[in-house]
Amino acid sequence: EGLASALGAFDRAGERDTPLARRTREWLAGEVQTIARLQILPGQTGLQFDHARVEAPRMAQFAGTFLLGLHDPRVRVDMDMHCLSAVAIIEREGVLRRSTE
């Protein structure tokens, strides 16, 4: 959330092409992909790891929520809010779209 807001501030200040802004934008682009992987999909009933699969039929009841991490199968409401807030800021500020202009 904070880095997405910072990128918006860099852009408004005319600093979007500084080394710090570029590194932050690259890192944030990777995190957006991670956020997508953390979200529980409708009908999802398990998690696939490198050498194991965990089946959890109740998981389908949590569609739309976010896991605490790629290897942490727990969910918390505050994690959902952080993820959604970060995505909303990225969209509102357009900070990743502007990286290709």
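Provided above is the structure to which this section pertains.
Residues numbered from 1 in each chain as written. Predicted model: local features only at pLDDT ≥ 70, side-chain atom pairs only at ≥ 80, totals over all residues. Heavy atoms only, no water.

Student: How should I be thinking about the side chain of T65 in this particular structure?
Tutor: One can find T65 in the loop between β2 (53–55) and β3 (67–69). Judged by relative accessible area, T65 falls into the buried class, the value being 16%. A distance of 2.7 Å separates a polar atom in the side chain of T65 from the backbone oxygen of F62. (Helix = DSSP H or I, 4+ residues; strand = E, 2+ residues; numbered from the N terminus. Buried < 20%, exposed > 50% of the residue type's maximum accessible area, 1.4 Å probe, protein only. Polar contact = N/O pair within 3.5 Å; in protein donor to acceptor, adjacent residues only side chain to side chain.)

Student: How should I be thinking about the layout of surface pockets in this particular structure?
Tutor: Take a probe with the size of a water molecule and roll it over the atoms, and the empty space left behind shows itself. Computed from the structure, the largest pocket encloses a volume of approximately 250 Å³. When residues of the lining of the largest pocket are traced back to their parent elements, those giving at least two are α2 (19–38) and β1 (46–48). Estimates place the volume of the second largest pocket at around 190 Å³. Lining the second largest pocket are 16 residues, with E1, E31, I35, H82 and A86 sitting closest to its centre. Put simply, the parts of the chain that give the lining of the second largest pocket at least two residues each are α1 (2–12), α2 and α3 (77–93). Of the residues forming the lining of the second largest pocket, the biggest block, seven residues, is contributed by α2. (1 Å grid on protein atoms, 1.4 Å probe; cavity = no way out; pocket = protein on both sides within 12 Å on 5 of 7 lines; lining within 4 Å. Points joined across faces, edges and corners; volume = space filled by probe spheres on them.)

Student: Where do I start with the pairing of strand β4 (residues 72–75) in this structure?
Tutor: Successive residues of a regular strand alternate their side chains across the two faces of the sheet. Sheet topology note: the β3/β4 ladder contains two bridges and is antiparallel. Across the sheet, the residue bridging to L67 is V75, located in β4. Where β3 hands over to β4, the hairpin turn is made up of two residues, counted between the paired strands. (Pairing = 2+ DSSP bridges.)

Student: Can you help me understand the nonpolar core in this one?
Tutor: Counting ten residues, the largest nonpolar core consists of I35, L38, I40, L47, M59, F66, L67, M79, C83 and A86. Of all the secondary-structure elements, those providing two or more residues to this core are α2 and α3. If you tally residues by element for this core, the top one is α3, at three residues. Beyond its immediate stretch of four places on either side in the chain, M79 contacts L38, F66, L67 and L68. Among the nonpolar cores identified, the runner-up in size contains eight residues, and L7, A21, I89 and L96 belong to it. (Core = buried A, V, L, I, M, F, W, Y, C linked by side-chain atoms within 4.5 Å. Contact = heavy atoms within 4.5 Å.)

Student: Hey, could you run me through the pattern of salt bridges in this one?
Tutor: A pair can form between side chains of opposite charge whenever their charged atoms are brought close. The tally for this structure, following the rule as stated, stands at seven salt bridges. Close ionic contact of R76 with D78 constitutes a salt bridge, the shortest N to O distance being 2.8 Å. One salt-bridge network, in which partners are shared between bridges, spans R12, R92 and E93. (Salt bridge = Lys/Arg side-chain N within 4 Å of Asp/Glu carboxyl O.)

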